Amino acid sequence: MDVIYMDNNATTKVAPEVVEAMQPYLSEFYGNPSSVHSFGGIAGGKLKEARIRVAELINALPEEIVFTSCGTESNSTAIRAAVESYPTKKHIITTRVEHPAVKNLCEHLSKKGYRVTFVPVDGQGRLDLDYLFDHLSDDTAIVSIMWANNETGVIFPIEEIAAKINARGIVFHTDAVQAVGKVPVDVSQAKVDMLSLSGHKVHAPKGIGVLYIRKGTKFAPFMIGGHQEHGRRGGTENVAAIIGLGKACELAKNHLVDINSRVKGLRDKLENALLEKVPNAMINGDPDQRLPNTTSIGFEYVEGESILLMLDQFAISASSGSACTSGSLEPSHVLRAMGIPFTAAHGSIRFSLSIYNTEEEVNTIIAEMPAIIARLREMSPFWKEYQKKAN
Ligand code: PLP
């Protein structure tokens, strides 16, 4: 199917090289990597190699890499591990703009007796660092702050935050699911204790994730079972997916330049053209500190969901925010936290590009979008009212 796929923050195409690397471990070498026999050892050896490739991408040690099933599991494991490791500490700090994988867990924990501080952001989605540092206390079990926002692409200064939190001896976790593969992520520079990443955001398959755990970090496993992952995550490893992730990480290292030059150029072209051709349109989020592949654009007085349905008629796939919250007509919690006016928040959509996007695809969107918005506004009583007032 020929689609113009611009929803890469939701999930990515599995790279053909990744499929090729995985194939033999689904069909031929299906042994259990924990088995004593040499047939299982073939899988075990490849798993070891994949761990090295993942570690290399974020400049970690291979033994600091724990394979999980997804980014959500990694986030849950990190936060639950910290609260279990420090049972007397009852305070958690996170932000108002986290992915539901962190936000909903923290809200759940707040009902279980934890005090949760949600750090606010400004109108451009930038974190209030003073508020964050002022709320650190001896009672804080963990601080969990995303590296980059999935909806707006806004990047937080994780290196600076980690240094401050580290100095206080408090556990710091970052959800780097959207950052890895798009911007350099180096745990030898950013002193995070734990970091989550997800395979399906970096051209590996769905169902594989990673929790980086810095050597020496107090840890309690979430999945208790066998001795896999050195007892940090029980359960037979998803060997083929792990091998795929290893390959994807190797590719991601090489693709960083393309993402930050050509792909960023395509994103900028799309964004600039839409701002120029469509009246009452605006970018959500700090235009400078942003992922190179992401743009969140608010079109006033239209419904984001309606835009997406019309784009779909041209086989253009975009999103109104986190795939996990789509389907609800509420404006996203991220845009609400930024104080984006209701009129624009409702009409906000996200294009997120990948190395597979082309200039021709961007040109198609630029050609179709102005008419789509104009058509929707013709049907919008709010737009008519706005026009009446403006004239
Ligand atoms: N964190 C962020 C920032 C995300 O964007 C996502 C997925 O959209 C997740 C966590 C969840 O990852 P997964 O789908 O692998 O559970």
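Structural notes, computed from the coordinates. (Residues numbered from 1 in each chain as written. Predicted model: local features only at pLDDT ≥ 70, side-chain atom pairs only at ≥ 80, totals over all residues. Heavy atoms only, no water.)

1. Some details on the sheet that holds strand S12 (residues 348–352)
Quick note on the threshold: Only strands joined by at least two bridges in the DSSP assignment are considered to pair. Labels follow the DSSP assignment, with helices taken as runs of H or I lasting at least four residues and strands as runs of E lasting at least two, numbered in each case from the N terminus. A fitted line through C-alpha atoms serves as each axis, taken over the contacting stretch for helices, and the angle formed by two N-to-C directions is quoted from 0 to 180°.
Taking strand neighbours across the sheet as the criterion, the three strands line up as S9-S10-S12 in an open arrangement whose pairing is antiparallel. On the outer flanks of this sheet lie strand S9 (281–283) and S12, each paired with one strand and no other. Averaged over all pairs of adjacent strands, the angle between strand axes in this sheet comes to 25 degrees, irrespective of strand direction. Pairing of strand S10 (residues 294–299) with S12 involves five bridges; the strand directions are antiparallel.

2. Here we look at helix H12 (residues 359–378)
Here is the rule: Here the expected span of a helix is defined as 1.5 Å times the quantity of residues minus one. To get the bend at any residue, fit one axis to the seven residues that end at it and another to the seven that begin at it, then take the angle between the two axes. Accessibility here uses a 1.4 Å probe with only protein chains present; expressed as a share of the type maximum, an area under 20% marks a residue as buried, one over 50% as exposed, and anything in between as partly exposed.
Taking 1.5 Å as the rise per residue, H12 with 20 residues should run 28 Å; its terminal C-alpha atoms sit 30 Å apart, in good agreement. For H12, the principal kink sits at Glu-368 and spans about 30 degrees; a proline, Pro-370, occurs within the next four residues. Regarding H12, the residues found buried are Glu-361, Val-362, Ile-365, Ile-366, Met-369, Ile-372, Ile-373, Leu-376 and Arg-377.

3. Regarding the environment of Arg-233
To be explicit about the condition: The contact criterion used throughout is that any non-hydrogen atoms of two residues lie within 4.5 Å.
Here Arg-233 is to be found in the loop between strand S8 (209–213) and helix H8 (239–277). Given a relative accessible area of 13%, Arg-233 falls into the buried group. Taking C-alpha positions, Arg-233 is 26 Å from Asn-150, a pair spaced 83 residues apart along the chain. Contacts of Arg-233, omitting those with residues within four sequence positions, involve Val-66, Phe-67, Thr-68, Ser-69, Glu-73, Met-223 and Gln-228.

4. Some words on the environment of Gly-347
Within the secondary structure layout, Gly-347 lies in the loop between helix H11 (342–345) and S12. Residues Gly-347 and Lys-247, spaced 100 residues apart in sequence, show a C-alpha to C-alpha distance of 38 Å. Setting aside chain neighbours within four positions, we find Gly-347 in contact with Ile-297, Gly-298, Phe-299, Val-302, Glu-303, Gly-304 and Ile-307.

5. Digging into the packing of aromatic side chains
Our working rule: Note on ring pairs: Phe, Tyr and Trp rings are taken, using the six-membered ring of Trp, and paired if centres are within 6.5 Å. Classes follow the plane angle, with under 30 degrees stacked, over 60 edge-to-face and the rest tilted. Placement of a positive charge over a ring is assigned whenever Lys NZ or Arg CZ falls within 6 Å of the ring centre and within 35 degrees of the normal to the ring plane.
A complete count under the given rule lists five aromatic pairs for this structure. By the ring-pair criterion, three or more aromatic residues cluster together here, those being Tyr-301, Trp-383 and Tyr-386. Its end group placed over the ring of Tyr-86, Lys-218 keeps NZ or CZ at 4.7 Å from the ring centre. For Arg-377, the ring lying beneath its charged end belongs to Trp-383, and the centroid distance is 4.2 Å.

The values reported here are purely geometric and, on their own, carry no functional implication.
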